[in-house]
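Coordinate analysis (summary)
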Amino acid sequence: MSVIHGQNFLMVPGPTNVPDRVQRAMHRNSSDHRAPDFPEITHSVLKDLKKVFCTEAGRAFVFSATGTGMWESGLTNCLNPGDSILTVRLGQFSHLWIDMMERLGFNPIVLDVEWGEGLPADKIKAHLMADRAHKIKSLCVVQNETTVGVYTDILAMRRVLDETRHPALLMVDGVSSIASVPFKMDAWGVDVAITGSQKGFMLPAGLGLLAASQKALKMSETSTYPRCFFSWRDMIVNNDVGYFPYTPSTPFLHGLREALDMLLEEGIENVWERHHRLANATRLAVKAWGLKPMAKNESEQSDAITAVQVPAGFDGQEIVATAYQKYNLSLGGGLMKVKGKVFRIGHLGDINELTLLGTLAGVEMTLRDVGLPIKLGSGVAAASEYLQSTGVPLRGLNGVQAKI
C-alpha cells in the first residue's frame, strides 16, 4: 500500500476543516462542569453565539447534539401535537426535516419545487392567505440547501408573513449557512434559527446550536408537546446560573469558545465576504470548465457550496470516488434524486484562496481522469485571476517588514 502524504483536502459541504487554534483549545482534560468558575465559559459562549446569529432580542442554546437534534428541539418546544406546518421540499435536507415532522406527529403541508429552484414565495403567500383560521403554526424553510447549492431568501419569507398578517413562527434551518453566509435573525424576523457545529463554526460534529426569538420562547411556555433532553425550559433554568441540565462536553465548549473568537476577530460581515469571494471564484472555474451549477437562478447560488451538474453519460459518484482515491480530495456526492448527477464542492469554514485553488486543480485532473474534455488549468486560471484581482493583504505588515 502506498503512503499518503499531506493532508486530506476536505472540501465536502460539511464537516469542514477544524483550525489548529480550535484543535488546541479542545485538546484538554475533562473539567468539572459544576465548578464555581464554570459559568464563565457558559455565559461567554452563549453571549457571543448571539452575535453570530445576529440577534440581540433572541436567546441562544447549546445542546450536545447535531443540527438534526435542533430540528426536533425547535419543533417540539414551540408546537403542539398535530399542528400544521407549511414547508418546502427543495433537496434532501428539507425532505428529512419533513420526514421528522411526520414522524413526530405534526401535519406538514409540503410545497414541492424542482430541485435547483428556491422558495416559491407566491405559493407560500397563497397558502398563508387561504389559512384564515391560522391553523398553520409555523413556516419552516431551509436557508442553504446543500443538496443542490441553493441559497434561499429568508427576508422574503418574513415579508410574506407580514403582508398576510399571519402569526405563524418562522423557523429556519441554517445548518450550512449560519457563520458562513449572511444570516440576520433579528433583521429578518426569524423566530427559531437552527445550526450545528461542523460547518461554519469549524468544529467537529457534536454540538447543536439554536437561537429563539421572544415570540418562540413565549410559545414554548404553553406547548404541550412532550420533551425532555431538548427542553428549552430545563436549559434556561440551568444556563441562567451558568450550568447545564446534564453533563456537557467541556472540550467542545472550549472549542466553541475559540471558534467564536476566530469568527468575531475576523468580523461576521468579513466572514460573509470571504465566503462570497471563494464562491465567486468557484463559479468562475465551473464556467471555464463548460459546466453549470445545479442552482438555476444566479441570485440563489450558494456562497457555501456549489453543486456542479455532470454531463449526460458521466457519473458524479465516479468523480467523487476518483478524486478521493487518486488525489486525496474529498468532494460531496449527489444525494437522493440527484445522485450521480452532480458533485459538490464545499467552500465554507476554515479555507482560503490557496486551499480553494488546490481543490480546483484536483477537480480538473479528476474530470480529465473520468473522460471529460477539460483543459487543465482553465478553471484554476479563471479563479486565480479573480482572487488575485480582489485580494487584500492579510498580515498588516509595513513595506520594510514585508520585504524581509
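Higher on the page you've got the structure.
Bear in mind the structure is a predicted one, so any value in this text is a computation, not a measurement. (Residues numbered from 1 in each chain as written. Predicted model: local features only at pLDDT ≥ 70, side-chain atom pairs only at ≥ 80, totals over all residues. Heavy atoms only, no water.)

**Considering the overall build of the protein**
- Across its full length, the protein holds 14 helices and 14 strands.
- Expected size for 404 residues packed as a compact globule is a radius of gyration near 22 Å; at 22 Å, the protein falls within 12% of this value.
- Projected onto its principal axes, the C-alpha positions of the protein cover 60 × 55 × 45 Å.
- When each of the 404 residues of the protein is scored for burial, the buried share is 56%.
- Taken as a whole, the protein presents about 18,000 Å² of accessible surface, with 52% of it coming from carbon and sulfur.
- Between the centroid of the 40 positive side chains of the protein and the centroid of its 41 negative side chains there is a distance of 2 Å. (Helix = DSSP H or I, 4+ residues; strand = E, 2+ residues; numbered from the N terminus. Rg over C-alpha atoms; globule rule 2.2 N^0.38 Å. Buried < 20%, exposed > 50% of the residue type's maximum accessible area, 1.4 Å probe, protein only. Areas by Shrake-Rupley, 256 points an atom, 1.4 Å probe, with all protein chains shown as cover. Lys, Arg positive; Asp, Glu negative; His and termini not counted. Charge placed at Lys NZ, Arg CZ, Asp CG, Glu CD.)

**Topic: the pattern of salt bridges**
- Scanning the entire structure with this criterion turns up 16 salt bridges.
- Between arginine 158 and aspartate 162 there is a salt bridge whose closest N-O contact spans 3.0 Å. Separated by four residues within a single helix, arginine 158 and aspartate 162 lie in helix α6 (residues 154–163), roughly one turn from each other.
- Here arginine 158 falls in the buried class, since its relative accessible area comes to 13%.
- As a salt-bridge pair, arginine 158 and aspartate 191 come within 3.5 Å of each other at their nearest N and O atoms. Highlighted residues: arginine 158 in helix α6 and aspartate 191 in the loop between β8 (169–173) and β9 (192–196), separated in sequence by 33 residues. Per residue, the accessibility class of arginine 158 equals that of aspartate 191, and both read buried.
- Bridged by salt links that share partners, the residues Asp48, Lys51, Arg257 and Asp261 form one connected network. (Salt bridge = Lys/Arg side-chain N within 4 Å of Asp/Glu carboxyl O.)

**Looking at the nonpolar core**
- Ranked by internal contacts, the top residues of the largest apolar core, which has 99 residues, are Val62, Leu75, Trp97, Ile124, Phe201 and Trp232.
- With seven residues, helix α9 (residues 250–266) is the largest single contributor of residues to this core.
- In this view, phenylalanine 201 contacts Leu49, Val52, Ile178, Ala179, Thr195, Gly196, Leu209, Leu256, Ala259, Leu260 and Leu263; residues no more than four positions away in its chain are not counted.
- Among the nonpolar cores identified, the runner-up in size contains 29 residues, and Leu278, Leu331, Val370 and Ile374 belong to it. (Core = buried A, V, L, I, M, F, W, Y, C linked by side-chain atoms within 4.5 Å. Contact = heavy atoms within 4.5 Å.)

**Details of the sheet that holds strand β5 (residues 136–142)**
- Pairing within the open sheet is mixed, and its seven strands lie in the order β2-β10-β9-β8-β5-β3-β4. Lying at the two open borders of the sheet, with one neighbouring strand each, are β2 (59–63) and β4 (107–112). Ignoring which end each strand starts from, the neighbouring axes of this sheet average 20° apart.
- Pairing of β8 with β9, which is carried by three bridges, proceeds in the parallel orientation. Across the sheet, valine 172 pairs through a bridge with alanine 193, a residue of β9.
- On the sheet, helix α4 (residues 92–103) packs against β3 (84–89), β4, β5, β8 and β9 and is oriented at approximately 155° with respect to β3.
- Together, β2, β9 and β10 (208–212) form the strand contacts of helix α8 (residues 232–239), whose direction differs from that of β2 by roughly 100°. (Pairing = 2+ DSSP bridges. Axes fitted to C-alpha atoms, helices over the stretch in contact; angles between N-to-C directions.)

**A word on the environment of alanine 193**
- Tracing the sequence through the fold places alanine 193 in strand β9.
- Taking the relative accessible area as the measure of exposure, alanine 193 reaches 0% and is therefore buried.
- As for alanine 193 and leucine 10, which are separated by 183 residues in sequence, their C-alpha atoms are 26 Å apart.
- Ignoring anything within four residues of it in the chain, the contact list for alanine 193 reads Phe53, Val172, Ile178, Phe183, Met185, Leu209, Leu210 and Ala211.

**A look at the pairing of β10**
- Burial analysis of β10 places five of its five residues in the buried class, the great majority of the element.
- Burial of the side chains of β10 extends over both faces: Gly208, Leu210 and Ala212 are buried on one face and Leu209 and Ala211 on the other.
- For β2 and β10, the ladder comprises five bridges, and the chain directions are antiparallel. Across the sheet, phenylalanine 63 pairs through a bridge with glycine 208, a residue of β10.
- In the sheet, β9 pairs with β10 via five bridges, with the strands oriented antiparallel. The residue of β10 that forms the bridge with valine 192 is alanine 212.

**So, the packing of aromatic side chains**
- Under the criterion given, the structure shown has nine aromatic pairs.
- Between the aromatic rings of phenylalanine 61 and tryptophan 232, the centroid separation amounts to 5.4 Å while the plane-to-plane angle is 20°, which identifies the pairing as stacked. Of this pair, phenylalanine 61 sits in strand β2 while tryptophan 232 sits in helix α8, placing them 171 residues apart in sequence.
- Its relative accessible area of 0% is what places phenylalanine 61 among the buried residues.
- One aromatic cluster is present, formed by Phe61, Phe63, Phe229, Phe230, Trp232 and Tyr246 through successive ring pairs. (Phe/Tyr/Trp six-rings, centres within 6.5 Å; stacked < 30°, edge-to-face > 60°.)

**Details of the packing of helix α10 (residues 268–288) against helix α13 (residues 378–390)**
- At a minimum axis separation of 7 Å, α10 and α13 run at an interaxial angle of 150°. Relative to α13, the element α10 lies roughly antiparallel. When the axes of α10 and α13 are compared, the crossing they make is right-handed. In this structure, α10 uses Arg277, Leu278, Asn280, Ala281, Leu284, Ala285 and Ala288 to contact α13, whose residues at the interface are Ser378, Gly379, Ala382, Ala383, Tyr386, Leu387 and Thr390.
- Along the lines of polarity and charge, the residues of the contact of α10 with α13 split into nine nonpolar, four polar and one charged. (Parallel < 35°, antiparallel > 145°, perpendicular 65-115°, else oblique. Left-handed = near helix turned anticlockwise from the far one by under 90°. Nonpolar A, V, L, I, M, F, W, Y, C, P; charged D, E, K, R; others polar.)

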